Protein chains: 2
Amino acid sequence: MFSKKRTEPIINSLMDTDFYKFTMGRVVFERYPDVQVQYGLTNRTKSVRLGEHIKLEQLREELEHVRSLRFNNSEIHYLRGTNEYSERMFPEAYLEHLKNLSLDECQIEERQGNIILVPSGKWSTEIYWETIVLPIIDQLYFENLTRDLSRFELATVYAEGQRRLLDKIRLIRQYPGLTFSDFGTRRRFSRKWQDYVVGVLAEELPGQFIGTSNVYLAMKYGLMPIGTSAHEMYMVLAGIMGETDEGLRESHNLVLRDWWETYGWGLSIALTDTFGTNFFFHDMTKEQAKKWKGLRQDSGDPMVFGEKAINFYKNYGIDPREKLLVFSDGLDTESMIAIHKMFNGRIRHTFGWGTNLTNDLGFQALSLVIKAIRANDCGLVKLSDNIAKAIGDPADIERYKQVFDYNVNFTADCRY
Amino acid sequence: MFSKKRTEPIINSLMDTDFYKFTMGRVVFERYPDVQVQYGLTNRTKSVRLGEHIKLEQLREELEHVRSLRFNNSEIHYLRGTNEYSERMFPEAYLEHLKNLSLDECQIEERQGNIILVPSGKWSTEIYWETIVLPIIDQLYFENLTRDLSRFELATVYAEGQRRLLDKIRLIRQYPGLTFSDFGTRRRFSRKWQDYVVGVLAEELPGQFIGTSNVYLAMKYGLMPIGTSAHEMYMVLAGIMGETDEGLRESHNLVLRDWWETYGWGLSIALTDTFGTNFFFHDMTKEQAKKWKGLRQDSGDPMVFGEKAINFYKNYGIDPREKLLVFSDGLDTESMIAIHKMFNGRIRHTFGWGTNLTNDLGFQALSLVIKAIRANDCGLVKLSDNIAKAIGDPADIERYKQVFDYNVNFTADCRY
């Protein structure tokens, strides 16, 4: 099933990426076409020096191949026909933008064993690199780790992956009310492995496995493409509006308003932790709380967050059982089951399952992220509900903590 | 590449059919939802008795498998996103109809070595059987013909097919203005062979190979899905309006009006030969001739037809160089090149290449057709520009000849 030698580039379709790049991409294309953004790669797995595992030349070839890719007719048909969230969620002008999309060169270098990669240019184009670069680096890394295995030894790696997948499936089957999606593109062991896992889940857990964030795989398997927005929406808007403290504070709610105006109810799941969940709950208005479908939790303690969310809704006289929480922070079977048990019947909930789903074959996964770091020449900041995940210049972080009344003490290793 | 044993059913997606079934399907669904139609299978290759080659049980299994198929999300996305002919050419109500489509049982029996197959029921459902049954019967027939070949012998069959395909490609390359599409689903050697041929053409003749009538393959290869309408539109409307001679005569133009109202310019290629081309040119109004994109020729002498079409347009003061002829009757490389040479620069033209494209590996192809034979309990008639292709009860044929001023003497064997 899985051969030793790869005969194709890692990314072979511009659809082999996360759906939220398109949902955000449209908003950026329509509302912020001239914003300049710089992204940066961070390897949070300090024990691994990527430069020791990945040849720059190889990485460069993979990135250059991606630059030669274009959306084909069927891919554009598929996106045009996507209506799970709202009618015609991708208008013609945006589809045209995608058809003509040609990614800028992505400069890479090695410094002291680390790989430095800073895509920069127009936000409306650079936004697509993140979820393309991450699976490329992951796969090159794991190909190197398994390079010297014999054919049989490699087969046992996949056998272990299959065994673990079966354990997951058997456990999850015991909780028929637990639903989840694959969010594992960025951390996958390889393209083929994610493809295999998604295909298996579609067959084995049809009622509980509700979709995948990977648009190529959603199309291939007839699954629902899943995704809304990421921290970069808040971070970039904070950057371009943050000259004054007031502008900075207001940028957060503008993200929510932009989003609602663009997609309405269908895609109205708000990411809560960019500048701390406390500020989020302070900033989301009663009207927004009523209208929006739900919230996404991506850092901090999920149990604490769930209780906060329930109280938040109750305080506004909203029945939490009509609202949806999406948990997506470093999940595994056990944590999903625990969260499910805690909130079952109290608030609707589902899971976006990443690393531990698509990269669980016995190796330690990498915790790589690519985040926006500058916008129109302002440094960007993410605080999150886990201090270990904070990103930005120390002075900027201090300012953001003040402006957003941030007083989180929770710290946890970024396992994934 | 091509193994001896097939491990899958012949039809594995409801998209593995001709595009015109969907374009007509929408018109039938919206305008003629209650019409009852009966179809019949005709084997025009008299030397072959299908019952001696195909086991009914095998055929029944294949048809039952098709009945279990449903369109998946991605297929519906693709159809919803199809915009090559007009915006949103398939509205939601029709897509919903497709999603819920469940084909009626298709009764089959053997009589004196012939296979009798008469799908009957609502036109809006039965319409889909034609281009599903034909490739199934074709493939079962050719699987039987090659059943006793050794693996090596079978490999030489494909080698011969490849050699012939290469000859075609080399010849066609010499005429860069010659464009064509694959119309060969109904007569293909096998699903895999059509898939292979289409994949090769997409790579080898990207500028000249403009698409395929097979929706599954169009989606798979990012090609343009090609197709408009078939004789059954004219035949069924003639049947349901033909109580009086006037109604019968008027039914022909109603097909054109229905079609224009549904799809407008994008899909306005009129099939000309159902009741003879002479009547067609008499019946199409000047206004229609001006508006419609062009005409399709499917029987008779293509050279004669081309000249007639040019004169038809000139008589209305229309520049033929703005109009498009689609030739689709029993083509091969030589006839396409001859037609191309004759009309190059005089009238736009392209080719829908069927049997000889997808079933040219050294065996004689079958000339199978499935045609509507009754509608709301009236016998149906097709005359065409080739007497050998006429279909219907002799008395009905005589009446139609009178009503449509039919006086064609052209006869040619139906090679394909």
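See the structure shown above.
Residues numbered from 1 in each chain as written. Chains lettered and ligands numbered in written order. Predicted model: local features only at pLDDT ≥ 70, side-chain atom pairs only at ≥ 80, totals over all residues. Heavy atoms only, no water.

Draft legend 1. Structural view of the overall build of chain A. In terms of regular secondary structure, chain A is built from 17 helices and 12 strands. The principal-axis extents of the C-alpha atoms in chain A amount to approximately 60 × 50 × 45 Å. Per-residue burial over chain A gives 60% buried out of 416 residues. Counted over contacts in chain A with a minimum sequence separation of 6, partners at least 24 positions apart contribute 79%. Between the averaged position of the 52 positive side-chain charges in chain A and that of its 57 negative side-chain charges there is a distance of 4 Å. (Helix = DSSP H or I, 4+ residues; strand = E, 2+ residues; numbered from the N terminus. Buried < 20%, exposed > 50% of the residue type's maximum accessible area, 1.4 Å probe, protein only. Contact = heavy atoms within 4.5 Å. Lys, Arg positive; Asp, Glu negative; His and termini not counted. Charge placed at Lys NZ, Arg CZ, Asp CG, Glu CD.)

Draft legend 2. How the structure looks around the interface of chain A and chain B. Every contact between the two is made by 18 residues of chain A and, on the other side, 18 residues of chain B. Between chain A and chain B, roughly 1,500 Å² of surface is buried when both sides are summed, and carbon and sulfur atoms account for 40% of that area. Summed over the shared surface of chain A and chain B, the result is 2 salt bridges. Between B:Arg88 and A:Glu87 there is a salt bridge, with the nearest N and O atoms lying 3.5 Å from each other. Here chain A is connected to chain B by 20 residue pairs in polar contact (both at pLDDT 80 or more). Breaking the side of chain A that touches chain B down by element, the ones donating at least two residues are helix H3 (73–80) and helix H9 (215–221) of chain A. Among the elements that line the side of chain A that touches chain B, the one with the most residues is H3(A), at 5 residues. (Buried area = accessible area lost by both parts, 1.4 Å probe. Salt bridge = Lys/Arg side-chain N within 4 Å of Asp/Glu carboxyl O. Polar contact = N/O pair within 3.5 Å; in protein donor to acceptor, adjacent residues only side chain to side chain.)

Draft legend 3. Molecular detail of the relation of the copies chain A and chain B. Aligned on chain B, chain A shows an RMSD of 0.0 Å; the corresponding rotation is 180° and the shift along the axis is 0.0 Å. The transformation just described matches what one would write down for a two-fold rotation axis. The residues that chain A uses at the interface reappear at the interface of chain B in 100% of cases, marking a shared surface. (Least-squares fit on C-alpha atoms with pLDDT ≥ 70 in both.)

Draft legend 4. How the structure looks around the sheet that holds strand S4 (residues 120–122) of chain B. Residue and element names in this part refer to chain B. The strand order S4-S1-S12-S13 describes an open sheet built from 4 strands, whose pairing is antiparallel. Either end of the sheet is taken by a strand with one partner, and the two such strands are S4 and strand S13 (378–379). Bridging between strand S12 (residues 368–375) and S13 involves 2 bridges; their strand directions are antiparallel. Across the sheet, residue arginine 374 finds its bridge partner in S13, namely glycine 379. Of the strands in this sheet, strand S1 (36–43), S12 and S13 touch helix H10 (residues 231–241), which is tilted by about 20° from S12. (Pairing = 2+ DSSP bridges. Axes fitted to C-alpha atoms, helices over the stretch in contact; angles between N-to-C directions.)

Draft legend 5. Examining the environment of B:Leu171 more closely. Residues and elements named next belong to chain B. As for its position among the elements, leucine 171 is in helix H7 (residues 151–173). For the pair leucine 171 and glutamate 334, spaced 163 residues apart in sequence, the C-alpha separation works out to 8.9 Å. Ignoring sequence-local partners within four residues, the contact set of leucine 171 consists of Thr333, Glu334 and Ile337.

Draft legend 6. Expanded view of helix H14 (residues 302–315) of chain A. Residues and elements named next belong to chain A. Across its 14 residues, H14 extends 20 Å between first and last C-alpha, which sits within 8% of the 20 Å expected from 1.5 Å per residue. Burial in H14 covers these residues: Phe305, Gly306, Ala309, Ile310, Phe312 and Tyr313. Down the axis, H14 shows its buried residues gathered within 160° of arc, on one side only. The exposed set on the far side of H14, more than 90 degrees from its buried face, consists of Lys314 and Asn315. Lining the buried residues of H14 we find helix H12 (277–283), helix H13 (286–291), strand S8 (294–297), strand S9 (324–327) and helix H15 (333–343). At the N-terminal end of H14, a side-chain oxygen is found 2.8 Å from the backbone nitrogen of methionine 303, two or three residues along, and the residue is aspartate 301. The first or second residue beyond H14 is glycine 317, which carries a positive phi of 70°. (Expected span 1.5 Å × (residues − 1). Arc of directions from axis to C-beta.)

Draft legend 7. Broad picture of H3(A). Of all 8 residues in H3(A), 7 are buried; the element is thus mostly enclosed. Taken together, the buried positions of H3(A) are A:Ser74, A:Glu75, A:Ile76, A:His77, A:Tyr78, A:Leu79 and A:Arg80. Those residues of H3(A) hidden inside the fold are in contact with helix H1 (19–31), helix H4 (92–99) and H9 of chain A together with helix H3 (73–80) and helix H9 (215–221) of chain B. Residue A:Asn72 occupies the N-cap position of H3(A), its side-chain oxygen lying 2.9 Å from the main-chain nitrogen of A:Ser74.

Draft legend 8. Broad picture of the pattern of salt bridges. Residue and element names in this part refer to chain B. A full pass over the atoms with the stated rule returns 68 salt bridges over all chains. The salt bridge partner of lysine 21 is glutamate 130, with a shortest N-O separation of 2.6 Å. A residue pair is termed long-range when its members are at least 10 positions apart, and lysine 21 in helix H1 (residues 19–31) and glutamate 130 in helix H6 (residues 130–145) qualify at 109 residues. Put simply, aspartate 360 and lysine 168 hold a salt bridge, and the shortest N to O gap is 2.5 Å. Here aspartate 360 is found in the loop between helix H16 (355–358) and S12, whereas its partner lysine 168 is found in helix H7, with 192 residues between them in sequence. Summarising the burial analysis for this pair, aspartate 360 and lysine 168 share the class buried.

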